[in-house]
Amino acid sequence: MERNDLGFGQKSSSNKARFVTPDGKINVLRKGQPLIRPYDFYHSLISMSWGKFIFLVSLSFFVSNLIFAGFYTFIENQALSAVNHSSLLQKYWDSFFFSVQTMTTVGYGAMSPVSNWAKIISSVESFIGLLGFALVTGLLYGRFSRPEMKIRYSKNILISPFKEGKALMFKMANQRSSKLIEAEVTMVLIANKEGNRIYHNLDLQLNKINFFALTWTVVHPITEESFFFNQTEESLQNLDLEVVILVKAFDDSFSQTVYSHSSYTYDEFVWDAKFDTSIFQENGKMAIDLNQLDNYSKI
């Protein structure tokens, strides 16, 4: 069924970049924004990967202490008490650990500020440390409490034999142990035709399930009403198509509706293949192997 738009406009362009990345991000670049955008910075800290977040926080902590250690080392000859002056490197090393103690408010008592400038700098550093840890605590809470659906999609979308004809299908599974209920999925085709962008809703054999507990093979039967009816590999390749996936479900852990997005381009289509099973029995329970989600066999 043809639809008017998905939010990406009607006019086609020579740019063949996908609209939705496999990890669900909208592939749109915004220009003309102000240089300083606090909300975007907050959103980036909340949504970036855990590895990047931990690295950025650790780097900020380390660099801040290096800077303050430089102040204590070079502002005056005797800014701190009980500092080893045997070499400039040793003095900087001691000043660095005094900075760490000040920023974290640990305060072992072995060293203390002596000069007025050192007292002012240590006071400023203590305030920055308290403010920084409060900020990181808020970010950690925001990252843990943010409702997010973690869906793993199969790497490929298949055109497989289905009943008396063929069907377009992909697999997905919930990577978390959270309970997803009333899950719904929508498939929309985006293609370029004669300089215009066209959109088609792809009717599904089953677009809603009550419990998303195992893998879900989403199937679009290729009937006479389907956009893919009588299409060949060559004709589809010329359309520069993209199949966008929209998933919505209610997460029982957060008591909120959560969303997930992904897409497939023509390069990720596999013709005349079927998915291998990734569901099995173990210790009297149904089990799924996410490592087998992408496996398929050619027919």
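Everything here concerns the structure above.
Bear in mind that the values here come from a model prediction, so they are computed numbers and not experimental data.

Draft legend 1. Focus on the pattern of salt bridges. In total, this model carries six salt bridges according to the counting rule given. A salt bridge links Arg152 to Asp294, with the nearest nitrogen and oxygen atoms 3.3 Å apart. Placement of the pair is Arg152 in strand S2 (residues 151-153) and Asp294 in the loop between strand S14 (285-288) and strand S15 (296-298), with a sequence separation of 142 residues. Ionic pairing is found between Lys208 and Glu182, a salt bridge with its closest N-O pair at 3.2 Å. Taken together, the positions of Lys208 in strand S7 (residues 208-211) and Glu182 in strand S5 (residues 180-193) put the pair 26 residues apart, joining distant regions of the chain. Accessibility expressed as a relative area gives 34% for Glu182, which makes it partly exposed. Put simply, Arg146, Glu148 and Arg176 are held in one network by salt bridges that share partners.

Draft legend 2. Highlighting the packing of aromatic side chains. Summed over all chains, the structure comprises 15 aromatic pairs. Their ring planes at 65° and their centres at 5.8 Å tell us that Phe62 and Phe96 sit as a pair that is edge-to-face. On the criterion of sequence distance, the pair formed by Phe62 in helix H2 (residues 50-74) and Phe96 in helix H3 (residues 88-103) is long-range, its members being 34 residues apart. Accessibility expressed as a relative area gives 43% for Phe62, which makes it partly exposed. On the basis of relative accessible area, Phe96 is assigned to the buried category, the value being 10%. Their ring planes at 80° and their centres at 5.1 Å tell us that Tyr72 and Phe98 sit as a pair that is edge-to-face. Pair noted here: Tyr72 is in helix H2 and Phe98 is in helix H3, with a separation of 26 residues, a long-range link. Accessibility expressed as a relative area gives 5% for Phe98, which makes it buried. Put simply, the rings of Phe62, Trp93, Phe96 and Phe97 touch in pairs and so form one group of aromatic residues. Above the ring of Trp50, the side-chain terminus of Arg143 is found at 4.2 Å from the ring centroid. One residue, Arg143, lies across the ring of Phe53, its end atom 4.6 Å from the ring centre.

Draft legend 3. Representation of H3. Taking 1.5 Å of rise per residue, the 16 residues of H3 would be expected to cover 22 Å, and the 22 Å separating its terminal C-alpha atoms lies within 8% of that figure. Among all positions in H3, only Lys91, Asp94, Ser95, Phe96, Phe98, Ser99, Val100, Gln101, Thr102 and Met103 are buried. For H3, the secondary structure elements touched by its buried residues are H2 and helix H4 (116-145). Two residues or fewer past H3, Thr105 is found with a positive phi of approximately 60°.

Draft legend 4. Structural detail: the pairing of strand S10 (residues 256-265). Alignment of strand S9 (residues 242-251) against S10, held across ten bridges, turns out to be antiparallel. Note that in S10 the partner of Val244 across the bridge is Ser263. Linking S9 to S10, which pair antiparallel, is a turn of four residues; within it Ser255 sits at a positive phi near 55°.

Draft legend 5. Here's a closer look at the environment of Lys179. By the element assignment, Lys179 lies in the loop between strand S4 (165-174) and S5. In this structure, the C-alpha to C-alpha distance between Lys179 and Asp251, residues 72 residues apart in sequence, is 6.0 Å. Lys179 has contacts with Phe250, Asp251 and Asp252, leaving out every residue within four places of it along the chain.

Draft legend 6. Broad picture of the side chain of Ser154. Inspection of the secondary structure assignment puts Ser154 in the loop between S2 and strand S3 (157-162). A relative accessible area of 3% means that Ser154 is categorised as buried. Residue contacts for Ser154: discarding those within four places in its chain leaves Phe170, Lys171, Tyr264, Phe275, Leu293 and Asp294.

Draft legend 7. Representation of unusual backbone geometry within the structure. We note that Ala82 has phi near 60°; this positive angle belongs to a residue other than glycine. Looking at the secondary structure, you find Ala82 in the loop between H2 and H3. Even without a glycine there, the phi angle at Thr105 is positive, about 60°.

Draft legend 8. Seen up close, the nonpolar core. Counting 36 residues, the largest nonpolar core has Phe170, Met172, Met187, Phe228, Val243 and Phe269 as its most contacted members. Counting residues per element, this core draws most heavily on S5, which supplies six residues. With sequence-adjacent residues up to four places away left out, Met187 is seen in contact with Ile157, Leu168, Phe170, His200, Asn201, Leu202, Leu204, Val218, Val243, Val244 and Ile245. The next biggest cluster of nonpolar side chains, apart from the first, holds ten residues, and it includes Phe68, Ala79, Leu80 and Val83.

Reading the values: rules and limits
Residues numbered from 1 in each chain as written. Predicted model: local features only at pLDDT ≥ 70, side-chain atom pairs only at ≥ 80, totals over all residues. Heavy atoms only, no water. Salt bridge = Lys/Arg side-chain N within 4 Å of Asp/Glu carboxyl O. Helix = DSSP H or I, 4+ residues; strand = E, 2+ residues; numbered from the N terminus. Buried < 20%, exposed > 50% of the residue type's maximum accessible area, 1.4 Å probe, protein only. Phe/Tyr/Trp six-rings, centres within 6.5 Å; stacked < 30°, edge-to-face > 60°. Lys NZ or Arg CZ within 6 Å of the ring centre and 35° of its normal. Expected span 1.5 Å × (residues − 1). Contact = heavy atoms within 4.5 Å. Pairing = 2+ DSSP bridges. Core = buried A, V, L, I, M, F, W, Y, C linked by side-chain atoms within 4.5 Å.

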